[in-house]
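# Structural features, examined
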Amino acid sequence: MTALLGILITILLNPLDFGLGEAKTDIERYEAIRRCHAEAYVKGAGVTYDGVGNITIEIPDGAESIPLTEYTDFAGARITIRNHSHDIYLFSMKNNATPIEVNGKEIDAGDYNTGEGIFLVDIQDENQWVDKRIGYEYGTIRQDLAVVINGKAINRTVMPYGNEQSRPKAEACRVNDREKVIRNLNLVRSSDSEYKTYLIWIHLQYRVAMENITIDTPNDTTLENDLAIRLSSSADIRLDNITINRTYCANNSSGYGFHLNNIYDFKGTRLRAKARWGVFGTNFVNRTTLEDCDINRYDIHCYGRDITARNCRFAETYNQFSSIYGIVLFDRCIFDRCTPLLTEYSYNAFTPYELIFNECTFNFDKKVNSVVELGWVENLKNNRPELTQKCLPNVTMTACKINTTDDIDEVRIFDIKTNCKERFDHIRFININNLEINGKAKLKIKPSSLKTVNKLKIIK
């Protein structure tokens, strides 16, 4: 075998050739798998689980994450994992970066001194983007990721760095343009596990495809703060046909199915996920595309650009963003008792962007009956010049439908809970074209408390 899906793989190893079939205990089965992947890592080989079927493994004391190579086909294996040892990522795909010299003007121009080849450049602003999150003891340091080919970036950062308020530093990691593939796995996290086993941590990787993967987690778990699939400082990430049935998320705690941090170009197709908490938890994501997904929310806690969702269903919670730029587009999406867009107020970062709904359906009830909700907006100034003005998006709704229950009299485009005396900037229009409302509820386009810098044009 000389090539698989465009991946340079000359050897495929199988855990059955490393004693998996003869193993007597769950830990022995884990060790057989670890030996197989370790040998593949040394040889630059791929791994196939063809013939493995259903197995149970256990995390031994002192175990470390198993590194993956560029091709892993679990071949439909169902792996039940028991963990009485320590929290761990079962698998990982990680690179290291080296500091480079670059200033803000060079970053904005896309010029880097990396030399020939493909590099990921991890950029961090040493000056805080948000000094202190309201209600928390921490602020936010923004990050960006640049894909650099022969010294020139193919993408731009979310916001510029060539200014007095920014103090960037950067690291570079050489990568290749071969697609890395991880597919065809059902991971079952056992109900008797005392510690968390996350599936994978992908870090400083370029062009990764994960497909046909299911993660099952017990419904009554007391574990929390899940990071089932963790992606960081990576670009061109494709997740297709991923199902997450619950997460490690005890009552009144958090637990993410997908955790993204500093990602450029993320695409999720046919993602299906249910959890007590929002299945997505992200920061610093530049360009997101979701297609044919059924999830409870997508969020960017702070700092991102350009979000597109097509033919997706969002249910029961809310999509949550702050410090967002560019275009947020929902095309032919369904919102079932889900607030389509909640601006996360605690970062005090209300930025300008365009919000578009095209042929969407909103199923509203007494609890959820607004398209855009702002939460509490306080009279607090942000020290960053980029965040001084509090902005709202321009809103365009075309050929949308709102279905309402009999217990609500009003549906709102904007719902603003505010003590803020400032006028909101950026917003110039609310364009509502061919909107259908089913039920007795009346449409309220803007609250009387909404004061704007620009004259607001309402187009109906």
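Before reading on, note that the structure itself is shown above.
Everything in this summary refers to the structure shown in the same document.

This part covers unusual backbone geometry. Positive phi outside glycine occurs at Asp265, with the angle close to 70°. Along the chain, Asp265 turns up in strand β16 (residues 256-274). The phi dihedral of Asn434 falls on the positive side, at around 60°, and the residue is not glycine. Relative to the elements of secondary structure, Asn434 occurs in the loop between β32 (429-433) and β33 (436-438).

What follows is about the sheet that holds strand β7 (residues 98-100). Within the open sheet, the five strands sit side by side as β7-β11-β8-β9-β10. Their pairing is antiparallel. Whereas interior strands pair on both sides, the edge strands pair on one side only; in this sheet they are β7 and β10 (152-153). Pairing geometry for β7 and strand β11 (residues 168-175), over three bridges, is antiparallel. Following the sheet pairing, Ile100 is matched in β11 by Ala170.

The next subject is empty space enclosed by the protein. Summed over all chains, the structure comprises one cavity of 30 Å³ or more. Along its surface, the largest cavity is lined by 13 residues, and Thr343, Ala349, Phe350, Thr351 and Tyr353 are the ones closest to its centre.

What follows deals with the nonpolar core. Counting 99 residues, the largest nonpolar core has Met210, Leu290, Phe314 and Phe414 as its most contacted members. Element by element, the count of residues in this core is highest for strand β15 (residues 227-245), at seven residues. Among all residues touching Met210, those that are not within four sequence positions of it are Ile182, Leu199, Ile200, Ile202, Ile229, Arg238, Leu239, Asp240 and Ile242. Counting residues in hydrophobic clusters, the runner-up holds 24 residues, among them Tyr112, Val121, Ala146 and Tyr347.

Where burial is concerned, most of strand β8 (residues 118-125) is hidden: seven out of the eight residues are buried. Pairing analysis gives seven bridges linking β8 to strand β9 (residues 143-149), with the strands arranged antiparallel. Across the sheet, residue Leu120 finds its bridge partner in β9, namely Val147.

Summed over all chains, the structure comprises zero disulfides. Of all cysteine sulfurs in the structure, the one in Cys312 sits closest to Cys293, which takes part in no disulfide; the separation is 4.2 Å. For Cys293, a relative accessible area of 3% gives the class buried.

On the surface, Arg423, Lys444, Lys446 and Lys451 cluster together into a patch of positive charge. Secondary-structure assignment places Lys451 in the loop between β34 (442-444) and β35 (457-459). Owing to a relative accessible area of 43%, Lys451 belongs among the partly exposed residues under this scheme.

Our focus in this paragraph is the packing of aromatic side chains. Taken as a whole and assessed by the stated rule, the structure comprises 19 aromatic pairs. Between Tyr49 and Phe74, the ring centres sit 4.7 Å apart and the planes meet at 45°, which makes this aromatic pair tilted. With Tyr49 in the loop between β2 (46-48) and β3 (54-59) and Phe74 in strand β5 (residues 71-83), the pair connects residues that are 25 residues apart, well separated along the chain. Neither Tyr49 nor Phe74 differs from the other in exposure class; each is buried. Ring centres 6.3 Å apart and planes at 55° place the aromatic pair Tyr298 and Phe321 in the tilted group. Pair noted here: Tyr298 is in the loop between β18 (294-295) and β19 (299-300) and Phe321 is in strand β22 (residues 318-321), with a separation of 23 residues, a long-range link. Like Tyr298, the residue Phe321 is buried in the burial classification.

Attention shifts here to the sheet that holds strand β28 (residues 370-377). Read across the open sheet, the six strands follow the order β19-β22-β25-β28-β31-β34; overall the sheet is parallel. With one partner strand each, in any of the chains shown, β19 and β34 form the two edges of the open sheet. Bridge analysis of β19 against β22 gives two bridges, and the strand direction is parallel. Bridge pairing links Ile300 to Phe321 in β22.

The rules behind the values
- Residues numbered from 1 in each chain as written.
- Predicted model: local features only at pLDDT ≥ 70, side-chain atom pairs only at ≥ 80, totals over all residues.
- Heavy atoms only, no water.
- Helix = DSSP H or I, 4+ residues; strand = E, 2+ residues; numbered from the N terminus.
- Pairing = 2+ DSSP bridges.
- 1 Å grid on protein atoms, 1.4 Å probe; cavity = no way out; pocket = protein on both sides within 12 Å on 5 of 7 lines; lining within 4 Å.
- Points joined across faces, edges and corners; volume = space filled by probe spheres on them.
- Core = buried A, V, L, I, M, F, W, Y, C linked by side-chain atoms within 4.5 Å.
- Buried < 20%, exposed > 50% of the residue type's maximum accessible area, 1.4 Å probe, protein only.
- Contact = heavy atoms within 4.5 Å.
- Disulfide = S-S within 2.5 Å.
- Patch = residues over 30% accessible without salt bridge, like charges linked within 9 Å, V, L, I, M, F, W, Y side chains within 5 Å.
- Areas by Shrake-Rupley, 256 points an atom, 1.4 Å probe, with all protein chains shown as cover.
- Salt bridge = Lys/Arg side-chain N within 4 Å of Asp/Glu carboxyl O.
- Lys, Arg positive; Asp, Glu negative; His and termini not counted.
- Charge placed at Lys NZ, Arg CZ, Asp CG, Glu CD.
- Phe/Tyr/Trp six-rings, centres within 6.5 Å; stacked < 30°, edge-to-face > 60°.

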